[in-house]
Amino acid sequence: MRSYKKTSYSKHSHTNEIENEVTDQSLYLNRRAFIEKSSRTIGAYSLGAMTLGSSSSLLLANSSLACENLGQLNKSQLDKGQLHNITQDKSNSLSEITRYNNYYEFSTNKEAVIHLAKVLTTEPWTLTIEGEVEKPIILDIDKILSSMPIEERIYRLRCVEGWSMVIPWSGFSLCHLLKLALPTSKAKYVEFVSLLRPEEMIGQRIDSLDWPYREALRIDEAMHPLTLIATGLYGQDLPKQNGAPLRLVVPWKYAFKSIKAITHIRLLEEQPISSWSKAASSEYGFYANVNPKVAHPRWTQRRENRIGEIKKRRTQMFNGYAEQVAHLYKGMNLEKNY
Ligand code: MTE
């Protein structure tokens, strides 16, 4: 995917500097303590980690502001022997996942990102949640890592370009984070904004996209338990090239929705315009649900190339998560709402 949006480069200071420290000191844990805690948590959940697919019989919540704990749900389903697809999709190797990356803030060359992203400073890092919320908050990364229910989730990731991977993320359902800010009834959309720091992100010095990178979801998509904030993969901290320290993962949508290096989350009444829609709205729609029946204007989406495999696979509706998410789009024309 290439974009042709023209913007002028201007030098910005770091946008995620701490503006207001609201960290509850009693909840603060240092990085080492977090790593011990998270590895215990991941261990506890690893039995429940799986690749969810259309054949699974998980009962997931309808969209509401209540959070389902998918990790717990997986475990209980597993105990009942109701899951059939635990080993269906083999995870890609750490090397594949970390050496083939789309991250335009650094480069449009997938193999170069691992090298160029090394200079990125990810500590300190704050995340601001604002907009249509009763309680706007600025959270320090350490507070997020120590207070959120981290678990492992193995998801398929399907890029709009036609390649896919299977990635064992660690992270937590976004709804746990959103709930902290108490969204108002006007909050219909959730916008995500990436870091703007051209001093370190050399791709931001050219106009490949209108920086910073932005993405958005409907509130019910954002509250769905499959919607993950990833903080790690393969049991380690999230590599910089994969979006450290916080990135979104929406497994049933094309992966350009899964925005990396998030600094701001805004709850909005109106649907915002995301970076790729702004660059080429006829090619990259707001919904971007994986759909083998709706072709990209320049290529088919019927098949995909799983990294590491020779023979192409058939692309699955909603990337194989139809059973969990199709109800969100009931009655919608998915060709118009691409
Ligand atoms: N997030 C930001 N901030 N910048 C990007 O260029 N690329 C997107 C998405 N998130 C991108 C981003 C695209 S097009 C894809 S395919 C995935 O990240 C790639 O994720 P991965 O490199 O972890 O496989």
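Each remark here, short or long, concerns the structure printed above.
Some points on the environment of Ser 274
Inspection of the secondary structure puts Ser 274 in the loop between strand 10 (262-268) and helix 8 (275-279). We classify Ser 274 as buried; its relative accessible area is 1%. The sequence separation of Ser 274 and Ala 216 amounts to 58 residues, and the corresponding C-alpha distance is 6.3 Å. Excluding anything up to four places from it in sequence, Ser 274 contacts Arg 214, Glu 215 and Ala 216.

Points about the side chain of Thr 227
Tracing the backbone shows Thr 227 in the loop between helix 7 (219-223) and strand 7 (228-233). There is a polar contact of 2.7 Å between the side chain of Thr 227 and the backbone oxygen of Glu 221. Contact partners of Thr 227, with chain neighbours within four places excluded, come to Phe 172, Ser 173, Leu 174, Leu 217, Glu 221, Ala 222, Leu 248, Val 249, Val 250 and Trp 252.

Notes on the nonpolar core
Counting residues in each nonpolar core, the largest one holds 82 residues, and the members touching the most others are Trp 169, Leu 177 and Ile 265. With five residues, the top contributor of residues to this core is strand 4 (residues 163-173). Apart from the residues within four sequence positions on either side, Leu 177 is in contact with Leu 127, Ile 129, Leu 139, Met 148, Phe 172, Ile 229 and Ile 265.

A short note on a positive patch on the surface
Judged by side-chain charge, Arg 303, Lys 311, Lys 312 and Arg 314 come together as a positively charged surface patch. In this structure, Arg 314 sits in strand 12 (residues 313-314).

Some words on the site of the ligand
Taken together, 18 residues are adjacent to the ligand, and Tyr 104, Glu 105, Arg 247, Ser 258 and Lys 260 come closest. Separating an oxygen atom of the ligand from a side-chain N or O atom of Asn 101 is a distance of 2.9 Å. Between the ligand and Glu 105 there is a distance of 2.7 Å, counted from a nitrogen atom to a side-chain nitrogen or oxygen. In isolation the ligand has 540 Å² of accessible area, and contact with the protein removes 100% of it. Judged by the fraction of its atoms near the pocket grid, the ligand is located in the largest cavity. Here the shell around the ligand is built from residues that sort into 10 nonpolar, five polar and three charged.

Basis of the calculations
Residues numbered from 1 in each chain as written. Predicted model: local features only at pLDDT ≥ 70, side-chain atom pairs only at ≥ 80, totals over all residues. Heavy atoms only, no water. Helix = DSSP H or I, 4+ residues; strand = E, 2+ residues; numbered from the N terminus. Buried < 20%, exposed > 50% of the residue type's maximum accessible area, 1.4 Å probe, protein only. Contact = heavy atoms within 4.5 Å. Polar contact = N/O pair within 3.5 Å; in protein donor to acceptor, adjacent residues only side chain to side chain. Core = buried A, V, L, I, M, F, W, Y, C linked by side-chain atoms within 4.5 Å. Patch = residues over 30% accessible without salt bridge, like charges linked within 9 Å, V, L, I, M, F, W, Y side chains within 5 Å. Areas by Shrake-Rupley, 256 points an atom, 1.4 Å probe, with all protein chains shown as cover. Salt bridge = Lys/Arg side-chain N within 4 Å of Asp/Glu carboxyl O. Lys, Arg positive; Asp, Glu negative; His and termini not counted. Charge placed at Lys NZ, Arg CZ, Asp CG, Glu CD. Near = heavy atom within 4 Å. 1 Å grid on protein atoms, 1.4 Å probe; cavity = no way out; pocket = protein on both sides within 12 Å on 5 of 7 lines; lining within 4 Å. Sits in = over half its atoms within 2 Å of the grid points. Nonpolar A, V, L, I, M, F, W, Y, C, P; charged D, E, K, R; others polar.

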